[in-house]
Amino acid sequence: MPSAERFAALQTIQRRKPAAVQAPSALSDIWASDVFTLDRMKEALPRSVFKSIQATIREGGRLDPSVADAVAGAMKDWATSRGALYYAHVFYPLTNLTAEKHDGFIVPKGDGRAITEFTGKLLVQGEPDGSSFPNGGLRSTFEARGYTAWDVTSPAWLMRTPNGVTLCIPTVFVSWTGEALDKKTPLLRSNAAVNAQARRVLKLLGEKEIAPINSSCGAEQEYFLVDNAFMALRPDLQLSGRSLFGAPPAKGQQFDDHYFGAIPERVQVFMQDVEDQLYRLGVPAKTRHNEVAPGQFEIAPVHEAANVATDHQQLIMTVLKSTAKRHGFTCLLHEKPFAGVNGSGKHVNWSIGNSTQGNLLDPGKTPHENMQFLLFCGAVIRGVHQYGPLMRAAIATASNDHRLGANEAPPAIISVYLGSQLEDVFNQIKAGQLKSSTSGGLMQLGVDSLPEFPKDAGDRNRTSPFAFTGNRFEFRAVGSGQSVAGPLVVLNTVLADALSWVADQLEARLAKGERIEQASFGVLQQITQENGAVIFGGDGYSSAWHEMAVKERGLENLRTSADALPVLQRDAIRDLFTRQNVLSPVELESRFEVYAEQYILAIEVEVRLALRIARTVIYPAVSAYLGELAGSLQEQEAIGLQPSKAIAQQIAGLNQQLVDRANALEAALGSAPHGAEAHMRHCADQLMPLMGELRAAADALEALVDDAAWPLPTYQEMLFVR
């Protein structure tokens, strides 16, 4: 029998029924119904105004300030007709979360009346506090001014809650002095860099009509659901997002029976509710399924333009969390909420393309004949090899450190998986002769009633952090709780820089009289010879790869965020972002300061939580149980029995270990050195191991103490009870 508190939680959960929700609506009736789309703009705006807005969105031109009043009026009329009383400039500070400042449409008049008003000035610009968000020293506390500015390339939407409707306007967030305080501004800059450098290469290849080029993104979001009745008894999950204590259950994920299994009814109703809201917001949620770990699930959207996909990804996380509450769940986006079972990631599928040349990372059926694809793919390879440590830094968080390198996530060594077909093609290029590319053929299943279908030319590799998957690359190492903007900024920037190098090389070779085919092949051969070390198609989990990658190939193994984040301070990284006009040196330095501080704070919050739970929850419960056990042993001896005291002695010893290790952890917490890098190293090398030792004592006690005396909901309960 569990403890009284846990038993009460179990009873609460057993009484739960799937939440009452409306039956799913026809997609055509609800799709983007809460979005101020281009079609709605076209209906509401004068022709000339709409054409100006359309040109800004599709061609990247500068917004004409004279159209702002007309757009604001149409947007307000549309929103208020659907019940909106407020508008919010929505922005994405350096927290991985969404921020929003709400204002009413109301304007009081001198005669006691009030009217609704929304001008172009209010649409285009807002003014939140620039010093109250993480800024890495860009703003002092007394220097408060910051601005939000309307991002016309991402549509406005309505956010509905039980308290009303709010018009949400996507914006950038910058300081009074013009530095980016957010994740959207660098993303828009990185898209501009990719567009500029990709156009250079395409022009050299003879292309005449080149539409604006943009990166695209499709992010597969993994998450856990835990019943709220358990969450109320787990302060570690509430405040840190992961269980700082917990012994593994007898059954975990070893049977592989949860992955793609039947979705529990209560969870499926939750998923349908989420999807209904996302469809109304124009978010193309496509796939849902059980993930590998018990209690773990996934939602994946269709690919979109990177900036819109980033906004939609933030919406997905917001809707998952808010909807979970209505269904009696808490949605956990921490990368490793439960030790010993799979953690959650966010696989970012990334490509670039446009409306005239299409997907520039699509190899076609004969990639060896597709020079355009080979040059762009080669540029990706060069970029990853040159700046792999930067890619690792882009996914560096205290929570993601628990996942990288484990059995369900790629290693911290950044490499590129191409698949057997493309790896063979690039090996041919390296050898100086490009003759053919293998095909997948047809899949023969040996059953006449089953259809034949084409087999892919290459397999997939789940151990690779950056894998080619047909017509895009999948950055598998991104954390579940992260904004995808940071990784996209890095991918776009390193590709833009590599394309700039490719264009420079092509121009130099063409100036010497080489034909474009000869020049392209020469550039590709140089890429494979100088950057081929980053290509790896084997088992990324193996110790042999880790040794070979570092010792033979010169790749870096940045195992923790304390190892990875200082990469942002390297001269080569500063030069890269400056060269591509994505981040200024002061903006890049601010990001190091912010992310280092977040890493330190996350670990120190966990340490304080672990100490409090160990001392005020686990130790008293174990001590009380020891008292009961001692009394029982004395009673047995009083009637002439000779009971074994081994378990009692073992529990007593572990309880003393708990106290001793808590004291050691507290002492280490108080001895942190000054300076961001030294403080991070202290967290990684001192606090994390000591916290692990404290946990080991507590988890051993959980396996010995009477279940009725154990105060914390167990892994078995949280993972399997729905």
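Residues numbered from 1 in each chain as written. Predicted model: local features only at pLDDT ≥ 70, side-chain atom pairs only at ≥ 80, totals over all residues. Heavy atoms only, no water.

Trainee: Could you clarify how one ought to interpret the overall build of the chain in this entry?
Mentor: Within the chain, the regular secondary structure consists of 22 helices and 20 strands. Radius of gyration (C-alpha) of the chain: 28 Å, near the 27 Å computed for a compact globule of 722 residues. Taking the principal axes of its C-alpha atoms as reference, the chain extends roughly 100 × 85 × 65 Å. Burial analysis of the chain (722 residues in total) assigns 52% to the buried set. (Helix = DSSP H or I, 4+ residues; strand = E, 2+ residues; numbered from the N terminus. Rg over C-alpha atoms; globule rule 2.2 N^0.38 Å. Buried < 20%, exposed > 50% of the residue type's maximum accessible area, 1.4 Å probe, protein only.)

Trainee: Sorry, what's going on with the packing of helix 13 (residues 419–431) against helix 15 (residues 516–531) here?
Mentor: It is at 8 Å that the axes of helix 13 and helix 15 come closest, and there the two elements cross at 105°. In this view, helix 13 runs roughly perpendicular relative to helix 15, as classed from their interaxial angle. Between helix 13 and helix 15, the contacting residues are Phe-426, Ile-429, Lys-430 and Ala-431 on the first element and Phe-521, Leu-524, Gln-525, Thr-528 and Gln-529 on the second. Classifying every residue of the contact of helix 13 with helix 15 by side-chain character gives five nonpolar, three polar and one charged. (Axes fitted to C-alpha atoms, helices over the stretch in contact; angles between N-to-C directions. Parallel < 35°, antiparallel > 145°, perpendicular 65-115°, else oblique. Contact = heavy atoms within 4.5 Å. Nonpolar A, V, L, I, M, F, W, Y, C, P; charged D, E, K, R; others polar.)

Trainee: How do you make sense of the nonpolar core when you look at a structure like this?
Mentor: Judged by nonpolar contacts, the single largest core of 122 residues is most densely connected at Phe-245, Phe-466, Phe-473 and Tyr-599. Setting aside residues no more than four positions away along its own chain, Phe-245 makes contact with Arg-234, Asp-236, Ala-610, Ile-613, Ala-614, Ile-618, Leu-694, Arg-695, Ala-698, Asp-699, Leu-712 and Tyr-715. Judged by nonpolar contacts, the second largest core, of 28 residues, contains Cys-168, Ala-285, Leu-320 and Cys-331. (Core = buried A, V, L, I, M, F, W, Y, C linked by side-chain atoms within 4.5 Å.)

Trainee: Please explain the side chain of Thr-166 as it appears in this structure.
Mentor: Positionally, Thr-166 belongs in strand 8 (residues 164–175). Filtering out sequence-adjacent residues up to four positions away, Thr-166 remains in contact with Tyr-86, Tyr-87, Ala-88, His-102, Trp-157, Leu-158 and Met-159.

Trainee: What's the story with the pairing of strand 1 (residues 84–91) in this structure? I'm lost.
Mentor: Look at any regular strand and the pattern is simple: side chains alternate between the two faces of the sheet. Of all the eight residues making up strand 1, six are buried; the element is thus mostly covered by neighbouring parts of the structure. Sheet analysis places strand 1 next to strand 2 (residues 99–104), joined by six bridges and oriented antiparallel. Pairing of Tyr-87 across the sheet is with Asp-103, part of strand 2. (Pairing = 2+ DSSP bridges.)

Trainee: Could you clarify how one ought to interpret the environment of Ala-19 in this entry?
Mentor: Among the secondary structure elements, Ala-19 is positioned in the loop between helix 1 (4–15) and helix 2 (27–30). As a C-alpha pair, Ala-19 and His-327 span 308 residues in sequence and 5.8 Å in three-dimensional space. When near neighbours in sequence (up to four residues on either side) are disregarded, Ala-19 contacts Val-269, Arg-326 and His-327.

Trainee: How should I be thinking about the confidence of the model for the chain in this particular structure?
Mentor: Interpretation of this model should avoid reading the predicted coordinates in detail wherever pLDDT is low. Predicted confidence across the chain gives a mean pLDDT of 91, with 94% of residues reaching 70 or more. Confidence, expressed as mean pLDDT per element, reaches its minimum in the chain at strand 17 (residues 442–443) with 56 and its maximum at helix 18 (residues 571–579) with 98. (pLDDT = per-residue confidence, 0-100.)

Trainee: Help me understand the pattern of salt bridges, please; the structure alone is not making it clear to me.
Mentor: Where charged atoms from two side chains of opposite charge approach closely, those side chains can pair. A full pass over the atoms with the stated rule returns 31 salt bridges. With its nearest N and O atoms 2.8 Å apart, the salt bridge here joins Asp-227 to Arg-16. Within this pair, whereas Asp-227 is found in strand 9 (residues 214–227), its partner Arg-16 is found in the loop between helix 1 and helix 2, the two being separated by 211 residues in sequence. Since its relative accessible area comes to 27%, Arg-16 is described here as partly exposed. Close ionic contact of Arg-326 with Asp-273 constitutes a salt bridge, the shortest N to O distance being 3.4 Å. Placement of Arg-326 in helix 11 (residues 306–326) and of Asp-273 in helix 10 (residues 265–280) is noted, with a sequence separation of 53 residues between them. When its relative accessible area of 13% is taken as the criterion, Asp-273 is described as buried. (Salt bridge = Lys/Arg side-chain N within 4 Å of Asp/Glu carboxyl O.)

Trainee: What is the right way to read the packing of helix 12 (residues 371–394) against helix 15 from this model?
Mentor: Two quantities define a packed helix pair, namely the angle between the helix axes and the distance between the axes. Here helix 12 crosses helix 15 at 30°, and the two axes come no closer than 10 Å. Considering their axes alone, helix 12 and helix 15 lie roughly parallel with respect to each other. Where helix 12 crosses over helix 15, the two elements pack in a sense that is left-handed. Across from Met-371, Leu-374, Leu-375, Gly-378, Ala-379, Ile-381, Arg-382, His-385 and Gln-386 in helix 12, the residues of helix 15 making contact are Ser-520, Val-523, Leu-524, Ile-527, Glu-530 and Asn-531. Here the residues of the contact of helix 12 with helix 15 sort into eight nonpolar, five polar and two charged. (Left-handed = near helix turned anticlockwise from the far one by under 90°.)

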